[in-house]
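Examination of the molecular architecture
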Amino acid sequence: MKADPRGVLTGVHFIDGDHACCEGALAAGARFAAGYPITPSTEVVERFASRVPTVGGTFIQMEDELAASITLQGAVWGGAKAFTVTSGPGFSLMMEHIGYAAMTETPCVFVDVQRGGPSTGLPTLPAQADMMQARWGSHGDYEVIALCPNSPQECFDLTIKAFNLAEEFRVPVMFMMDEVVGHMTEKVVIPSADEIEVVPRRHTRAPVDQYLPYGTNGDLVPEMAHAGEGYKFHVTGLTHDERGYPNMTPQTQDKLVRRLQQKIRDGADRITILEEDSLNDAEVVVVSYGITSRVAQRAIDLAREQGLRVGKLRLITAWPFPDRQISELAERVKAFVVPELNLGQMVREVARAVNGKARTFSVPHAGGSVHHPEEILRVIVEASR
Amino acid sequence: MSDLVNPVEQFLRTDRMPHIWCPGCGIGTTVNCFARALIESKIDLDSLALVSGIGCTGRVAGYVKLDSFHTTHGRAIPFATGLKLANPKLNVVVYSGDGDLSAIGGNHLIHAARRNIDLKVICVNNLIYAMTGGQTAPTTPDHAITSTSPYGTCEPAFNLPHLVEAAGAVYVARWTTFHVRQLARSIAEAFRKKGFSFIEVISPCPTLYQRRNKLGDGLETMQYYKEKSKVKHGAPTSEVGLTMTGEIIVGKFVDRDRPDYQTMLRTQLAASLGERFVEQTETVCS
Amino acid sequence: MERCKACGFCVEFCPTKVLALSSAFNSKGYHPPHVVNPEKCSGCDLCGMYCPDFAIHGHKAAQSSTKEVSDES
């Protein structure tokens, strides 16, 4: 369905990624946010606090991230599209509730504007070192979706995509920005509402006495109901059966967590978004995401000027990881070069998917600034030998 | 309504009976009182949502036939806040235990009271972390034996009515599981109240707290409640602290009025924004 | 009957002492209460309100002057 025009700030804007993310959320239909201030993410909710009362919704600043990350889920079950925004230390605090969202299949968006870590780290400077945490940060077996924008425009467009995927798959979606993308100011074009597709809540149409909160009818994603509609359903973080009742047996556990995993893996083709360039004749492929992809582009251009056959694969969807695409590429390229603002996180996934069929080179960076294109170029040259 | 059926049955997920609570545990008793309050208040059950945390009392959510949410340890109150803010028409009850609400959940307890979020909080206080085997809670009386204080606790216990009153709650009452009629009445009163309402119910944990401290079984504990409780409506909450075998002051301690969070928010936004203020619509996410 | 765990609350707090724990066993090995003074039951249902196991409640029998206590199974 089309976006609600009340939330769409149609026009050409000159805003930073944080602000664009807020507008994306509003355009996607988000009418609730619970937040807690943390640099460099705070502007997202500051803008939301200012905008949402003029659109029709609620913002509340909670007392900590533990609260914010569950308050938004209460709002989802109360009928809203909701999200929260944070950075490293807050992301860590939110992990239990990301797991709760995955377990209860609560559609929502968690924005992480990554900064230097670990611990308090570098509050005002970039890193991309929460990528593994986005996938594995909570305990237990579960799958999430993670998207990585590399510009303020993408902070707008992909936030809408994040909400849409959350609703389609009833899963928490991690929106992995970084401090540079969040604080860089660029042109952002917001189209008219009728040009924006939003996915509505997957609401059940079953009569009250037939509704199974976690029943699936062959489709792996159950239909949802909201509190106050007469369904009188139960939601729990305990391992549960199709009625939503706790059922703590190995059989129920197996069925449940496999379905939680399968619904994402089966949907990979609808979830995976990649930007590809010159892969057909590439010998070396640079795999990157977020702000690093823009630095990498410069390195790729320089390498091509030198006559090297370098392709680009940008991870817009980082999780689920595009195993298939990387594996297929590995059949015919010599090497992968993976620059990241961390000491080597997504490169491990690349190497795993490559499975020895080609070489994999990491271009790590501890964070605090972006790579110099030369750093990446040097490794591309080495990989081409 | 048929007299032949126990009035609590209509609120129970009978397909989940029997429940997991021990013989002599008082949680089930509080559920009866809750059921009575629902009947007496004639509350539309479709508009009622119940949120619990983790612990023995937290299991109440799974046994009641309502829109119920069994959330994470200590976070029932913020979850309930989100529910209420997204759909102000809901009547939101938080039903959880003393450890869940005042230890790990303590921060959320005081902030929700400060904000005066329109929630009805039923805190079943059995003075212990029961579900996990009887560890010390912030409400465990001094010198009690628990599994994590095998030589006796040396911490003063929280006086919960005092804490929530200081934080800003508009309705504060305490009863024990002996005071079934008064408890039902208090819960019904809380339903009529707008704002953060807190009802503490002192309840036996015969398997862990009472047993380890040689205080008898459930029945003997109830007899202690009957004998040593004193009803003092309006008592200063600073004076209602509990000890292991001493007097238990019960009653309605606080019943005051101040605008609830959503009323204040709306008023403020409307005043600041004037015509630009847009009310949150009902179906916020179609 | 089957839900009863013989905690004794109903027996103790019935204002007119209608109940006593029986010597019978339920399937869980507890002695559930039984009515010993049926004529004294006023239908106040305090037993029902106290019972933590939802195993009993008291009601006035319809069309009869006898008040009785019924056990849930």
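Rules used throughout
- The numbering scheme is per chain: residues are counted from 1 as the chain's sequence reads.
- Throughout, the order in which chains and ligands are written sets their labels, letters from A for the former and numbers from 1 for the latter.
- With the structure being a predicted model, the display of local features is reserved for residues of pLDDT at least 70 and the display and counting of side-chain atom pairs for 80 or more, all residues being used for whole-chain, interface and lining totals.
- Each helix corresponds to a stretch of at least 4 residues labelled H or I by DSSP, and each strand to a stretch of at least 2 residues labelled E; elements are numbered beginning at the N terminus.
- As defined in this context, the radius of gyration uses C-alpha atoms, and a globule is described by 2.2 Å times the residue total to the power 0.38.
- Any residue pair is listed as a contact if its two C-beta atoms, each placed from the backbone, are within 7 Å.
- Exposure criterion: with C-beta atoms placed from backbone coordinates, a residue whose C-beta has 20 or more other C-beta atoms within 10 Å is buried, one with 12 or fewer is exposed, and one in between is partly exposed.
- The axes used here are C-alpha line fits, helices contributing only the stretch in contact, and every angle between their N-to-C directions lies in the interval 0 to 180 degrees.
- Put simply, angles under 35 degrees are roughly parallel, angles over 145 are roughly antiparallel, angles from 65 to 115 are roughly perpendicular, and the rest are oblique.
- Left-handed describes a crossing in which the near helix is turned anticlockwise from the far one by less than a right angle; the clockwise case is right-handed.
- Any two strands with at least two DSSP bridges between them are considered paired.
- Note on residue categories: nonpolar means Ala, Val, Leu, Ile, Met, Phe, Trp, Tyr, Cys or Pro, charged means Asp, Glu, Lys or Arg, and polar means any other residue, Gly included.
- To form a nonpolar core, buried Ala, Val, Leu, Ile, Met, Phe, Trp, Tyr and Cys residues must be joined through C-beta atoms within 7 Å.
- To obtain the arc, one takes the directions from the helix axis to the C-beta atoms.
- pLDDT is defined as a per-residue confidence score from the predictor, taking values between 0 and 100.

This part is about the overall build of chain B. A count of helical and extended segments in chain B gives ten helices and eight strands. Its C-alpha radius of gyration of 19 Å places chain B within 12% of the 19 Å reference for a compact globule of 286 residues. A principal-axis box enclosing the C-alpha atoms of chain B has dimensions of 65 × 45 × 30 Å. Looking at chain B alone, contacts between residues at least 24 apart form 67% of all its contacts between residues at least 6 apart.

Each helix and strand counted, chain C has two helices and four strands in total. The N-to-C order of helical and strand elements in chain C reads α-β-β-α-β-β. The burial tally for chain C puts 47% of its 73 residues in the buried class.

A word on the interface of chain B and chain C. Every contact between the two is made by 22 residues of chain B and, on the other side, 21 residues of chain C. When contributions to the side of chain B that touches chain C are tallied by element, the ones reaching two or more residues are α1 (27–41) and α9 (218–228) of chain B.

Another point: the packing of helix α3 (residues 65–77) of chain A against helix α3 (residues 76–86) of chain B. Between α3 of chain A and α3 of chain B, whose axes approach to 6 Å, the crossing angle comes to 40°. By the angle between their directions, the pair α3 of chain A and α3 of chain B is classed as oblique. Helix-helix and strand crossings are classified by hand; for α3 of chain A and α3 of chain B the assignment is right-handed. The segment α3 of chain A lies against α3 of chain B, with Ala67, Ile70, Thr71, Leu72, Gln73, Gly74, Ala75 and Trp77 of chain A engaging Pro78, Phe79, Ala80, Thr81, Gly82, Leu83, Leu85 and Ala86 of chain B.

This part takes up the sheet that holds strand β8 (residues 248–255) of chain B. The nine strands are arranged β10(A)-β2(B)-β1(B)-β3(B)-β4(B)-β6(B)-β5(B)-β8(B)-β7(B) in an open sheet whose pairing can be described as mixed. The open sheet has two edge strands with one neighbour each: β10 (234–236) of chain A together with β7 (229–231) of chain B. On average, each strand axis in the sheet is tilted by 20° relative to the strand beside it, whichever way the strands run. Pairing geometry for strand β4 (residues 120–125) of chain B and strand β6 (residues 197–202) of chain B, over six bridges, is parallel. Bridging across to β6 of chain B, Ile122 of chain B finds its partner in Ile199 of chain B.

Here the focus is the packing of helix α11 (residues 291–305) of chain A against helix α14 (residues 373–384) of chain A. Residues and elements named next belong to chain A. The contact between α11 and α14 brings their axes to 8 Å, and the two run at 50°. By the criterion of interaxial angle, the relationship of α11 to α14 is oblique. The element α11 and its partner α14 pack so that their crossing is right-handed. Of the residues in α14, those touching α11 at Val295, Ala296, Arg298, Ala299, Leu302 and Ala303 are Pro373, Ile376, Leu377, Ile380 and Val381. Of the residues contributing to the contact of α11 with α14, the split by class is ten nonpolar, no polar and one charged.

Formed by 235 residues in total, the largest nonpolar core has its most connected members in Phe83, Ile145, Val173 and Ile380 of chain A together with Val51 and Leu83 of chain B. Examining the composition of this core, we find that nine residues originate from one element, helix α7 (residues 152–169) of chain A, more than from any other. Residues contacting Val51 of chain B, with those up to four places away along its chain left out, are Ala61, Phe69, Thr71, Ala76, Phe79, Ala80, Leu83, Val92 and Val94 of chain B.

Residue-level contacts link 41 residues of chain B with 45 residues of chain A. At the level of secondary structure, the elements contributing two or more residues to the side of chain B that touches chain A comprise α2 (60–63), β2 (67–70), α3, α5 (106–115) and α10 (261–273) of chain B. If one sorts the elements of the side of chain B that touches chain A by residue count, α3 of chain B sits on top with eight residues. Taken together, the residues of the side of chain B that touches chain A break down into 17 nonpolar, 16 polar and eight charged. By the bridge criterion, three bridges tie β10 of chain A to β2 of chain B in an arrangement that is parallel. Among the inter-strand pairings, Thr236 of chain A is bridged to a residue of β2 of chain B, identified as His70 of chain B.

Here we come to the environment of Thr71 of chain B. Along the chain, Thr71 of chain B falls in the loop between β2 and α3. On the neighbour-count criterion, Thr71 of chain B (29 C-beta atoms within 10 Å) is buried. Through-space distance from the C-alpha of Thr71 of chain B to that of Tyr95 of chain B is 11 Å; in sequence the pair is 24 residues apart. Those residues in contact with Thr71 of chain B that sit more than four places away from it in its chain are Ile70 and Gly237 of chain A together with Val51, Ser52, Gly53, Ala76 and Phe79 of chain B.

All names here are of chain A. With respect to the secondary-structure elements, Arg115 resides in strand β5 (residues 108–116). Separated by 27 residues in the primary sequence, Arg115 and Gly88 have C-alpha atoms spaced 6.4 Å apart. Excluding residues that lie within four positions of it along the chain, Arg115 makes contacts with Pro40, Ser87, Gly88, Gly121, Leu122, Pro123, Leu125, Pro126, Ala127 and Glu179.

As a further point, take the sheet that holds strand β16 (residues 359–363) of chain A. Residues and elements named next belong to chain A. One open sheet holds the five strands; their spatial order is β11-β13-β12-β15-β16, and the pairing between them is mixed. Since the sheet does not close on itself, it has two edges, and those belong to β11 (274–277) and β16, each with one partner. Across this sheet, the average inter-strand angle for adjacent strands is 20°, counted without regard to direction.

Attention now moves to unusual backbone geometry. Residues and elements named next belong to chain A. That bond from Thr39 to Pro40 is cis: its omega, 0°, falls within 30 degrees of zero. Inspection of the secondary structure puts Pro40 in the loop between β2 (32–35) and α2 (42–51). Here Gly117 and Pro118 are connected by a cis peptide whose omega angle stands at 0°. Structurally, the position occupied by Pro118 is in the loop between β5 and β6 (122–126). Even without being glycine, Ser278 reaches a positive phi, approximately 50°. Tracing the backbone shows Ser278 in the loop between β11 and β12 (284–288).

Moving on, we come to α5 of chain B. Of the residues making up α5 of chain B, those classed as buried are His108, Leu109, Ala112, Ala113 and Arg115 of chain B. In an axial view of α5 of chain B, the angular spread of the buried residues amounts to 165°, which keeps them on one side of the axis. On its buried face, α5 of chain B is in contact with α3 of chain A together with α3, α4 (98–104), α6 (160–167) and α10 of chain B. Looking at the residues trailing α5 of chain B, positive phi occurs at Asn116 of chain B, about 60°.

For the two pairs of chains in contact, the largest share of contacts goes to chains A and B. Taking C-alpha atoms as the reference, chain A and chain C come no closer than 19 Å and do not contact one another.

Residue and element names in this part refer to chain A. Turning to helix α12 (residues 323–330), its buried residues are Ile326, Leu329 and Ala330. Angular distribution of buried residues about the axis of α12 spans 105°; they occupy a single face of the element. Buried positions along α12 lie against β12 and α13 (346–354).

Attention shifts here to the confidence of the model for chain C. Residues and elements named next belong to chain C. Here chain C averages 85 in pLDDT, and 82% of its residues register 70 or above. Confidence, expressed as mean pLDDT per element, reaches its minimum in chain C at strand β4 (residues 67–71) with 51 and its maximum at helix α1 (residues 9–13) with 97. A low-confidence stretch, residues 63–68 (pLDDT under 50), is modelled with ten contacts involving residues beyond four sequence positions or located in other chains. The complex model carries a pTM of 0.96, and its ipTM stands at 0.96.

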